[in-house]
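Secondary and tertiary structure notes
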Amino acid sequence: MTIKRLIFWRHGQTDQNIQLRIQGSTDNPLNEAGVLQAQEVAPELLKLNPTRIYTSHLQRARATAAVLQELAGVPLEVDERLSERTYGVWEGLTNEEIKAGWYEQWQVWRRGEQPAGVGLEKREHCGIRFRDAVLDAVAAVEKADSGCEENLVFVSHGGVSANGIMSLLGMNPSTWVGFQGMDNCHWSVLVPRIGANPPWRISTYNRKYADTAVFDRPW
């Protein structure tokens, strides 16, 4: 297997993150702090020898990915399946505003269940599309067979990345919600386990700085 690592990197900070507003599919840009975060963390990811980068089409993810792509000089591909979970009429709102306007459905949401009538994408659905994007990238790289170990970076968003990672690990994020979304510009790593169930193992979650020794253990 040519895949050594799958690296999942959340985009840098936006103004909506500071205001604790749900962004979802809304295409907000990085703020100044978010740009600086990407510039700080990209050299850390460079230590993991990224060979290919895939990004959500939303500009906050694309701008984050571009910083690493410039440093690494590797191919970058946009995949809309990596975009954030859609939150319907709740996009742009804070938790308190949702609680005030949709109290019953807010309670459903906070229990990790599916609210009705607000246009919120199911956790399972967004996890599956994210998983499929990752597995399609893996299959394409394996088919190409570069002869070298590949470290694939997926630049995306907090909610969909968590749901996607759970899906890759064989969990249904609509019924098991064990991972919170990563912090801005933090990242996680899955490594392959050939012949195992699941075929991926999480080696780190919500990390900012790299210690390459951690990722190169023989087990």
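In this report, we go over the structure that sits alongside the text. Because the structure is a prediction, the values reported are computed rather than measured.

Reading the values: the criteria
- Residues numbered from 1 in each chain as written.
- Predicted model: local features only at pLDDT ≥ 70, side-chain atom pairs only at ≥ 80, totals over all residues.
- Heavy atoms only, no water.
- Helix = DSSP H or I, 4+ residues; strand = E, 2+ residues; numbered from the N terminus.
- Rg over C-alpha atoms; globule rule 2.2 N^0.38 Å.
- Buried < 20%, exposed > 50% of the residue type's maximum accessible area, 1.4 Å probe, protein only.
- Contact = heavy atoms within 4.5 Å.
- Lys, Arg positive; Asp, Glu negative; His and termini not counted.
- Charge placed at Lys NZ, Arg CZ, Asp CG, Glu CD.
- Expected span 1.5 Å × (residues − 1).
- Arc of directions from axis to C-beta.
- Pairing = 2+ DSSP bridges.
- Salt bridge = Lys/Arg side-chain N within 4 Å of Asp/Glu carboxyl O.
- Axes fitted to C-alpha atoms, helices over the stretch in contact; angles between N-to-C directions.

Turning to the overall build of the chain, a few remarks are in order. The secondary structure content of the chain amounts to eight helices and six strands. Written out in order from the N terminus, the α and β elements of the chain read β-α-α-β-α-β-α-α-α-β-α-β-β-α. The C-alpha radius of gyration computed for the chain amounts to 17 Å, which stays within 12% of the reference 17 Å derived for 219 residues, consistent with globular compactness. When its C-alpha atoms are laid out on the principal axes, the chain stretches across 55 × 40 × 25 Å. Per-residue burial over the chain gives 48% buried out of 219 residues. Put simply, of all contacts in the chain between residues at least 6 apart along the chain, 68% involve residues at least 24 apart. Of the charged side chains in the chain, 23 are positive and 26 negative, and the gap between their average positions amounts to 5 Å.

Here we take up helix α3 (residues 59-72). Since the α-helix turns once every 3.6 residues, residues separated by three or four places project in the same direction. The first and last C-alpha atoms of α3 sit 20 Å apart over 14 residues, in line with the 20 Å expected at 1.5 Å per residue. Looking at α3, one finds that the buried residues are R60, A61, T64, A65, V67 and L68. Projected onto a plane normal to the axis of α3, the buried residues spread over an arc of 145° and lie on a single side. Buried residues in α3 make contact with β1 (3-10), α2 (32-46), β2 (52-55), β3 (76-78) and β4 (150-156). With its phi angle positive at about 65°, G73 sits one or two positions after the end of α3.

Now for the pairing of β4. With seven of seven residues buried, β4 lies mostly within the body of the structure. Residues E150, L152, F154 and S156 line one face of β4 and the alternating positions N151, V153 and V155 line the opposite face, and both faces are buried. In this structure, β1 lies alongside β4, joined through seven bridges in parallel fashion. Among the inter-strand pairings, I7 is bridged to a residue of β4, identified as V153. Sheet topology note: the β2/β4 ladder contains four bridges and is parallel. The partner of T55 across the bridge, within β4, is V155.

Attention now goes to the environment of R10. On the secondary structure map, R10 appears in strand β1. The class for R10 is buried, based on a relative accessible area of 13%. Between the C-alpha atoms of R10 and G181, which are 171 residues apart in sequence, the distance is 8.8 Å. Beyond its immediate sequence surroundings of up to four residues, R10 is in contact with N17, T64, S156, H157, G158, M182, D183, N184, C185 and H186.

A separate point is the side chain of E84. Within the secondary structure, E84 sits in the loop between β3 and α4 (95-101). Of the side chains with opposite charge, R60 lies nearest to the buried E84, which makes no salt bridge, at 5.5 Å. Setting aside anything within four residues of it in sequence, one finds E84 in contact with G24, L58, R60, E121, R129, H157, G158, G159 and V160.

What follows deals with the sheet that holds β2. Here six strands make up an open sheet; going across it, the order is β3-β2-β4-β1-β5-β6 and the pairing mixed. Each edge of the sheet is formed by a strand with only one pairing partner; in this case those strands are β3 and β6 (200-207). Sheet twist, expressed as the average angle between the axes of neighbouring strands with direction ignored, equals 20°. Against the sheet, α2 contacts β1 and β5 (187-192), and its axis sits at roughly 170° relative to β1. Along the sheet, helix α7 (residues 158-168) makes contact with β1, β4, β5 and β6, crossing β6 at roughly 160°.

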